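# Structure assessment
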Amino acid sequence: MSRRCELTGTGPVSGNNVSHANNKTKRRFLPNLCEVTLASEQLGRSFRLRVAAKALRSVDHAGGLDAFLLKAKNDVLSPAALKIKRELKKAGEAAA
């Protein structure tokens, strides 16, 4: 399982551990991933996604999962999130 957020595409970045003596050794900074269940109001279902804690704040700020996915770019979304986005668009067209 990759260490990548399904909604924002955030993944590990590299950097250095710096000691008191200023010795530098390579390290990885991993995203704070959480297994969460997010509800879609439009579809009336909930979805289980592996999402970074920062992305949860972004989802809340956007006004929920539906609004976040409709605004998000397709290239950063995981295949599971893209599938949900397609269902949302289909449901939106059927309702209109």
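What you are looking at is a predicted structure, and each value in this text was computed from that prediction instead of being measured.

Parameters at a glance
Residues numbered from 1 in each chain as written. Predicted model: local features only at pLDDT ≥ 70, side-chain atom pairs only at ≥ 80, totals over all residues. Heavy atoms only, no water. Buried < 20%, exposed > 50% of the residue type's maximum accessible area, 1.4 Å probe, protein only. Helix = DSSP H or I, 4+ residues; strand = E, 2+ residues; numbered from the N terminus. Arc of directions from axis to C-beta. Contact = heavy atoms within 4.5 Å. Salt bridge = Lys/Arg side-chain N within 4 Å of Asp/Glu carboxyl O.

Taken together, the buried positions of helix α1 (residues 53-62) are A55, V59 and A62. Within α1, the buried residues cover an arc of 70 degrees as seen down the axis, which keeps them to one side. Among the exposed residues of α1, those oriented more than 90 degrees off its buried face are K54, R57, D60 and H61. Where α1 is buried, its residues contact β4 (45-52) and α2 (65-71). Positive backbone phi, at 105 degrees, marks G63, one or two positions downstream of α1.

For the coordinates displayed, the defined rule picks out two salt bridges. Across the salt bridge formed by E35 and R48, the nearest N and O atoms sit 3.5 Å from each other. Taken as a pair, E35 in strand β3 (residues 33-40) and R48 in strand β4 lie far apart in primary sequence, 13 residues in all. Judged by relative accessible area, which is 46%, E35 ranks as partly exposed. Here E87 ties to R45 by a salt bridge, and the two come within 2.9 Å at their closest N and O atoms. With E87 in helix α3 (residues 79-95) and R45 in strand β4, this residue pair connects regions lying 42 residues apart in the sequence. Residue E87 is classed as partly exposed on the basis of its relative accessible area of 24%. Relative accessible area serves as the criterion here: at 41%, R45 is assigned to the partly exposed category.

Taken by themselves, the reported measurements are silent on function.
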